[in-house]
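Structural overview for review
Single-letter residue listing:
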Amino acid sequence: MPPGTELGFLAPLPLACLAPAPSLAATLERWGIRRLGDLARLPIAEVATRLGVPGAALVRAARGEDERPLAPQPVGGPIEEAIGLEFSLDTLEPLLFVLRGLVDRVVARVGLDGVGVARLGLALGLDDRSRDERTIRLAAPTRDPKTLLGCIRIDLEARPPRAAIARVALVAVPAMVRAAQLGLFHPPGPTPERLATTIARLAALCGPDRVGAPAVVDSHRPARRRSSPSRPATESRRR
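Helix and strand content of the protein chain: seven helices and seven strands. Looking at the protein chain as a whole, 33% of its 239 residues qualify as buried. Restricting the contact set of the protein chain to residue pairs at least 6 apart, pairs at least 24 apart contribute 69%. When the accessible surface of the protein chain is summed, it comes to about 15500 Å², and 56% of that surface belongs to carbon and sulfur atoms.

Here we come to the side chain of E133. Looking at the secondary structure, you find E133 in strand β3 (residues 131–142). Judged by relative accessible area, which is 14%, E133 ranks as buried. Among the polar contacts listed, one links the side chain of E133 to the side chain of R131, at a separation of 3.0 Å.

Let's shift gears to the pattern of salt bridges. With the rule as written, the count across this model stands at eleven salt bridges. Its salt-bridge partner being R41, residue D38 comes within 2.6 Å of it at the nearest N-O pair. In this structure, the salt-bridge partner of R134 is D132, at a minimum N-O distance of 2.9 Å. Here R134 matches D132 in class, with each residue buried.

A word on the pairing of strand β4 (residues 165–176). Across seven bridges, strand β1 (residues 79–89) lies against β4 in antiparallel orientation. Its bridge partner being in β4, G84 is matched across the sheet by R167. As paired strands, strand β2 (residues 115–126) and β4 are joined by eleven bridges and run antiparallel to one another. Within β4, the position partnered with G116 by the bridge is A175.

Taken over all residues, the pLDDT of the protein chain has a mean of 82, while the share at 70 or more is 86%. Within the protein chain, the lowest mean pLDDT, 40, falls on strand β7 (residues 234–238), and the highest, 92, falls on helix α5 (residues 92–110). Note on residues 231–239: pLDDT is under 50 here. Beyond four places in sequence and across chains, it has 38 contacts.

Let's shift gears to the nonpolar core. L99, L120, L122, I152, L156, V168 and L170 are the most contacted members of the largest nonpolar core, which has 31 residues in total. It is α5 that provides the largest number of residues to this core, a total of nine residues. Setting aside chain neighbours within four positions, we find L156 in contact with L92, L95, L96, L99, L122, L124, R134 and P161.

You can see R134 is positioned in strand β3. On the accessibility criterion, R134 (2% relative accessible area) is buried. Of note is the side chain of R134, whose polar atom sits 2.7 Å from the side chain of D155.

Moving on: the environment of L58. Relative to the elements of secondary structure, L58 occurs in helix α4 (residues 44–62). In sequence terms L58 and L24 are 34 residues apart; their C-alpha atoms lie 9.5 Å from each other. For L58, the residues in contact, after removing those within four places along its chain, are L18, P20, L24, L28 and L39.

Look at helix α2 (residues 22–30) against α4: their axes get within 11 Å of each other, and the N-to-C directions meet at 70 degrees. As summarised for this structure, α2 and α4 are arranged roughly perpendicular, according to the angle between their axes. Here α2 contributes L24, T27 and L28 to the contact with α4, which in turn contributes L51, P54, G55 and L58. Across the contact of α2 with α4, the residue classes break down as five nonpolar, two polar and no charged.

Thresholds applied
Residues numbered from 1 in each chain as written. Predicted model: local features only at pLDDT ≥ 70, side-chain atom pairs only at ≥ 80, totals over all residues. Heavy atoms only, no water. Helix = DSSP H or I, 4+ residues; strand = E, 2+ residues; numbered from the N terminus. Buried < 20%, exposed > 50% of the residue type's maximum accessible area, 1.4 Å probe, protein only. Contact = heavy atoms within 4.5 Å. Areas by Shrake-Rupley, 256 points an atom, 1.4 Å probe, with all protein chains shown as cover. Polar contact = N/O pair within 3.5 Å; in protein donor to acceptor, adjacent residues only side chain to side chain. Salt bridge = Lys/Arg side-chain N within 4 Å of Asp/Glu carboxyl O. Pairing = 2+ DSSP bridges. pLDDT = per-residue confidence, 0-100. Core = buried A, V, L, I, M, F, W, Y, C linked by side-chain atoms within 4.5 Å. Axes fitted to C-alpha atoms, helices over the stretch in contact; angles between N-to-C directions. Parallel < 35°, antiparallel > 145°, perpendicular 65-115°, else oblique. Nonpolar A, V, L, I, M, F, W, Y, C, P; charged D, E, K, R; others polar.

The following block contains the structure:
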């Protein structure tokens, strides 16, 4: 929409587009105001005298005016999806079928472009009235359900629950997806989704403490070296 044409674009739209309060809508209906163009022609000062600040705000909105500063919304908090099972599950494939639905709903609730899941929390209610809780960290935030489900599968295969499962809860922690800049003179590296799955498999095979990244050591000894824990290492905790 070119600048300066807002009023002409908004004029034929019905008043319901602004979702006024029922009392304001009834008053404007008695005044014969049914379109945004009719409302925009009213003087703001007189409308404010009769309808107060909400009425003046409606007139400004009908004219396409908004004095509020742009306030970006922060990334939301953890998202949880849970389900109670009618029959307890003691094998992996039926459990993954249930988890697939939870993962799809979590990804849909993340909602915004550029936001993905950085960490998963899985809580399993067992038949023996205990709980199996584990945290699955990813190499990079992702919205790919296949990657999320693959990391969950790897963790469950490495450390199976000790009893049949009666309830499943999945908590996803969202984070901004990091943009990747491709190079012109060298081949691209692995995608974050493939990297997350690969590191999760290595952590399951070798142990979380054995998967990491090389780190610089502040020492005069040239052979001194150490490894820092890898972000996507999988942690499990049972109680």
